[in-house]
Structure formats: C-alpha cells, structure tokens
Amino acid sequence: QVQPVESGGGLVQAGGSLRLSCAASGSTFRYFHMAWFRQAPGKEREFVAAMRWSNSSPTYADFVKGRFTISRDNAKNMVYLQMNGLKPEDTAVYYCAARHISTTSYDYWGQGTQVTVSS
C-alpha cells in the first residue's frame, strides 16, 4: 500500500514551466506503477502520464506529448511531472495515483495540487 502526496502546483503564465512532485509513502513503492491524472473544472478526470514500476516505458496523453515528462526515483519513493510550454487549457487539479503491478486499476490517489495557467 502507498499513499501519494502531491506538491509543486501553482500559478504560472502561458509558456512557463512547473515541476510537480509526488511523495509516496510505503516500503513497496517499487512494485507500483505510477501516474498523473488531472481534472479541470466541469470536466471529467483524465489521464496525463504514467511510468511503470521498472522506471521504463513512460506513456503520455497526446495533448502533453513533447511538453510534459514523467520520471520516478524508486530510491526516494518519488514521482515527478515536469511540465513545459504550459497552456491555459492545462489548468486543472493534478493528481498522483498508484497501481500495484498485480492489478489493473489505480487504487491509491493523492489529494491533488492545483495548477493554474494564465493567458
């Protein structure tokens, strides 16, 4: 079991950058796939990026490819989302989520961190 806690959100101008961090408590972090999701006001939560437990094969939603980079440090139980070239439509609450390698659903979620991009 892990408990993700996000940080690093804030207000940034369009074209700017932010780095989100996710600290995941628990000694079995390395056995969890990790992902970032986001939810904008009035919209459903959507997938942003994911990184497998083995620190390989990152996947991205099409709308962030080339702008966002997910990474993880298993030694520190940390996951990061580097966001460059931010757009106003990236404004949302960003959530870190964990999925055990034996399951198919993300069962552990953080409380979210707000990202606001001004035009």
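This text follows the structure it describes.
Residues numbered from 1 in each chain as written. Predicted model: local features only at pLDDT ≥ 70, side-chain atom pairs only at ≥ 80, totals over all residues. Heavy atoms only, no water.

Looking at the environment of asparagine 77
To be explicit about the condition: A run of DSSP states H or I qualifies as a helix once it reaches four residues; a run of E qualifies as a strand once it reaches two. Both are numbered from the N-terminal end. Contacts are assigned to residue pairs with any non-hydrogen atoms lying within 4.5 Å of each other. Polar contacts, as used here, are pairs of N or O atoms within 3.5 Å; protein pairs need one atom able to donate a hydrogen and one able to accept it. Residues neighboring in sequence count only if both atoms are side-chain atoms.
Positionally, asparagine 77 belongs in the loop between strand E7 (68–73) and strand E8 (78–83). Separated by 16 residues in sequence, asparagine 77 and valine 93 have C-alpha atoms that sit 22 Å apart. Excluding anything up to four places from it in sequence, asparagine 77 contacts Cys22, Ala23, Ala24, Ser25, Gly26 and Phe29. For asparagine 77, the side chain forms a polar contact with the main-chain oxygen of glycine 26, separated by 2.7 Å.

Structural notes on a nonpolar patch on the surface
Here is the rule: For patch detection, residues must exceed 30% relative accessible area and be free of salt bridges, and they are connected within 9 Å for like charges or within 5 Å for nonpolar side chains (Val, Leu, Ile, Met, Phe, Trp, Tyr). Per-residue and other accessible areas follow the Shrake-Rupley method at a 1.4 Å probe size, with only the shown protein chains counted as cover for residues. Any carboxyl oxygen of Asp or Glu within 4 Å of a side-chain nitrogen of Lys or Arg constitutes a salt bridge here. Using a 1.4 Å probe on the protein chains alone, a residue whose accessible area is under 20% of its type maximum counts as buried, one over 50% counts as exposed, and one in between counts as partly exposed.
Taken together, Tyr31, Trp53 and Ile101 make up a surface patch of nonpolar side chains, about 260 Å² in accessible area. Residue isoleucine 101 is classed as partly exposed on the basis of its relative accessible area, which comes to 37%.

What to know about the sheet that holds strand E3 (residues 18–25)
Under the convention used in this document: In this analysis, strands are considered paired if DSSP registers two or more bridges between them. Helix axes are fitted only over the stretch in contact, all axes being lines through C-alpha atoms; the angle between N-to-C directions runs from 0 to 180 degrees.
Ordered by their spatial adjacency, four strands build an open sheet running E1-E3-E8-E7, and the pairing between neighbours is antiparallel. The open sheet is flanked by strand E1 (3–7) and E7, the only strands paired with a single partner. Put simply, the sheet's adjacent strands are angled 20 degrees from each other on average, direction ignored. With six bridges joining them, E7 and E8 adopt antiparallel strand pairing. When the bridges of E8 are listed, aspartate 73 appears paired with methionine 78.

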